Amino acid sequence: MTTVKGVDKMAKQGSKGRQRGNGFIYKPPSRDGYYLNICVDGVRKRIAMRDENGKTVSTLREAQKLQPVIADKVRKQLAAAGDDKISIDNLKAAYLEHLPNYVKRRGSRHVEASKSTPIAPATLDLHCNMIDTLVAWLNTNKKKIKFIHQIAGNDASKFMGEFRTKGGKKNTELKESTYNRYLMVYRHVFDVIPATRRNNPFREVEQRSKTEVEEDASQKQRFETDQLVTMQKRATGWIRPAMYVGYFSGMRLSDVITLRWSEVDSEGYIQRIIRKTGKTETIYAPEILPELAKWKAESGGEDQEYIFPEQARTYLGIDRKADRTIASKQFQRFLTKVCEFNTKDDRDKTVLGFHSLRVTNATYSKLSGEDIEKTRKRLGHSDKQTTEGYIRETDNEIRRELAMQHRPLMFPTKAGQDVSKLDEKFQIAQRLQAATDEQITAIAAIMDDPKQLSAPEAGQGDSDATKKLTDIRAVLADKKRLTATEKQILSILNGNETDT
């Protein structure tokens, strides 16, 4: 919000920077550089002033010097655009005309793209609907604007402000991340058309900050083990095999329900083009094979192209009107009605859904010790930071992981001693704190003298595992040499199998 002091400062700068025919310059209080505001043939433009090296103009003297140069450049650009004027009502037609060449110049095509539709059909429909929304708003609120090159940055800002508040046709305020996504669409539309590419009005509209987006976001949570057990017991129909594929592969719902039988081999390798990225990915998930075999026998999938034919046809619009929400809604009803889960947080935002299987895959893979780079490749993320954002660990899991990864150094007692050699007994003592009940029981079974591991007395509050843990520590403290046993204990604590 501009203060009175800020308004006075802008007015003062404007009076100093006004030149006949060259508009006026000013510096907004919240910006670092100067702007030129100029009107040419009824078209008003607000231009961020930059020198010949592309650097922001930050002093009044420099801005006054460059004012006529930039003003002349604006007039020439508007004149050039005027030679090929595109009316507001023809904005969508111009976008569709130039889109094929723009996509070809930009690189890889979407998996659903065709010669007539160079981007995904659903994406193209969204863009066209948003263009219609903008055109309707201009015809209602900016009747003086007849051509697309007349749209200025302040017009784009006002439109996006109203669009964000009303949420398009939903008449609800958009989430910050959704606002940014729609802003990117409008920037894209005006980048596609050559007449507006260099002076794209939507590039003057600021995105919502990362902090604002994160505060407004509702991140999907992982499924806990008890929830996964419930889902296994109650899942039927297509949901059961789809759930297994989602859990073990980490694939998105759109990729799962459009998976073909030919894309899964007999060894459990899945090779397909990921719909969101257009990249070919290979995923190894042999755990899904038994459930897919059951589903094939149940659904008669031998003669089907898709593993989930009904869901794939509905999602892709094969022999029917496309609907990309039905499968998601069916899975959501399974969670809420069949499993009786609370899928929303305290802000009434959905945090459990099919995408939670993807989050669960990332989290439990990390807890099992998988390298995050392997997880990143399986999920198809472009960077490790995105994958790390999927991992939902509890405090106890983080503490256990730190204890498991801890490798203590020996304090040297003489010169030249190898301090990198680990003291096994100390390492065991440290890592026993993170041991599970099953590990403690397994360790107790291989101790030299099992008789020393007495059962807890009746009425004591300690669990059997806790009592055994106390006894194990006592035995380790008394024994001077437990080399063979220590190696077995460390093997158990490392999560490896050992012969007992």
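Residues numbered from 1 in each chain as written. Predicted model: local features only at pLDDT ≥ 70, side-chain atom pairs only at ≥ 80, totals over all residues. Heavy atoms only, no water.

## Details of the nonpolar core
Okay, step 1: Of all hydrophobic cores here, the largest spans 36 residues; its most connected members are Met231, Trp238, Ile307, Phe331 and Phe334.
Okay, step 2: Put simply, the parts of the chain that give this core at least two residues each are helix 9 (225-234), helix 10 (239-249), helix 11 (253-257), helix 12 (289-299), helix 14 (326-338) and helix 15 (355-367).
Okay, step 3: Here the element with the most residues in this core is helix 10; it accounts for five residues.
Okay, step 4: Trp238 has contacts with Ile257, Trp295, Phe308, Gln311, Ala327 and Gln330, leaving out every residue within four places of it along the chain. (Core = buried A, V, L, I, M, F, W, Y, C linked by side-chain atoms within 4.5 Å. Buried < 20%, exposed > 50% of the residue type's maximum accessible area, 1.4 Å probe, protein only. Helix = DSSP H or I, 4+ residues; strand = E, 2+ residues; numbered from the N terminus. Contact = heavy atoms within 4.5 Å.)

## Notes on helix 14
Okay, step 1: Taking 1.5 Å of rise per residue, the 13 residues of helix 14 would be expected to cover 18 Å, and the 17 Å separating its terminal C-alpha atoms lies within 8% of that figure.
Okay, step 2: Every buried residue belonging to helix 14 is among Ala327, Phe331, Phe334 and Leu335, and all of these are buried. Projected onto a plane normal to the axis of helix 14, the buried residues spread over an arc of 90° and lie on a single side.
Okay, step 3: Elements in contact with the buried residues of helix 14: helix 9, helix 10, helix 11, helix 13 (309-316) and helix 15.
Okay, step 4: Once helix 14 ends, the next one or two residues include Glu340, with phi positive near 60°. (Expected span 1.5 Å × (residues − 1). Arc of directions from axis to C-beta.)

## Digging into the confidence of the model for the chain
Okay, step 1: Model confidence for the chain is summarised by a mean pLDDT of 78, while 71% of its residues fall at 70 or above.
Okay, step 2: Predicted confidence is poor over residues 449-462, with pLDDT under 50, and the contacts of this stretch with residues over four places away or in other chains come to 14 contacts. (pLDDT = per-residue confidence, 0-100.)

## Here's the deal with the environment of Asn129
Okay, step 1: Summarising the element assignment, Asn129 is placed in helix 4 (residues 121-141).
Okay, step 2: Through-space distance from the C-alpha of Asn129 to that of Lys92 is 9.3 Å; in sequence the pair is 37 residues apart.

## Thoughts on unusual backbone geometry
Okay, step 1: Although it is not a glycine, Asp319 sits at a positive phi angle of roughly 65°.
Okay, step 2: Following the sequence through the fold, Asp319 ends up in the loop between helix 13 and helix 14.

## Topic: the packing of helix 10 against helix 12
When two helices pack together, their arrangement is captured by the angle between the axes and the distance separating the axes.
Okay, step 1: Put simply, helix 10 and helix 12 touch, their axes get as near as 9 Å, and they point 155° apart. Classified by the interaxial angle, the pair formed by helix 10 and helix 12 is roughly antiparallel. The interaxial crossing formed by helix 10 with helix 12 has left-handed handedness. Residues Arg240, Pro241, Tyr244 and Val245 of helix 10 lie in contact with helix 12, whose contacting residues are Glu291, Leu292 and Trp295.
Okay, step 2: Residues belonging to the contact of helix 10 with helix 12 are distributed by class as follows: five nonpolar, no polar and two charged. (Axes fitted to C-alpha atoms, helices over the stretch in contact; angles between N-to-C directions. Parallel < 35°, antiparallel > 145°, perpendicular 65-115°, else oblique. Left-handed = near helix turned anticlockwise from the far one by under 90°. Nonpolar A, V, L, I, M, F, W, Y, C, P; charged D, E, K, R; others polar.)

## Some points on the side chain of Arg376
Okay, step 1: Turning to its location among the elements, Arg376 is positioned in helix 16 (residues 372-379).
Okay, step 2: A distance of 2.6 Å separates the side chain of Arg376 from the backbone oxygen of His381, its partner in a polar contact.
Okay, step 3: Every residue in contact with Arg376, bar those within four places of it in the chain, is listed here: His381, Ser382, Asp383, Lys384 and Thr387. (Polar contact = N/O pair within 3.5 Å; in protein donor to acceptor, adjacent residues only side chain to side chain.)

## Quick word on the pattern of salt bridges
Okay, step 1: In total, this model carries 16 salt bridges according to the counting rule given.
Okay, step 2: The salt bridge involving Asp132 is made with Lys92; its shortest N-O contact spans 3.2 Å. With a gap of 40 residues between them, Asp132 in helix 4 and Lys92 in helix 3 (residues 91-106) connect regions that are remote in the sequence.
Okay, step 3: On the basis of relative accessibility, which here comes to 28%, the residue Lys92 falls in the partly exposed class.
Okay, step 4: Residues Glu310 and Arg313 are paired through a salt bridge, measuring 3.6 Å at the closest nitrogen-oxygen approach. Highlighted residues: Glu310 and Arg313, both in helix 13, separated by three residues, approximately one helical turn.
Okay, step 5: Each of Arg260, Glu263, Arg272 and Glu305 takes part in salt bridges that share partners, so that together they form one network. (Salt bridge = Lys/Arg side-chain N within 4 Å of Asp/Glu carboxyl O.)

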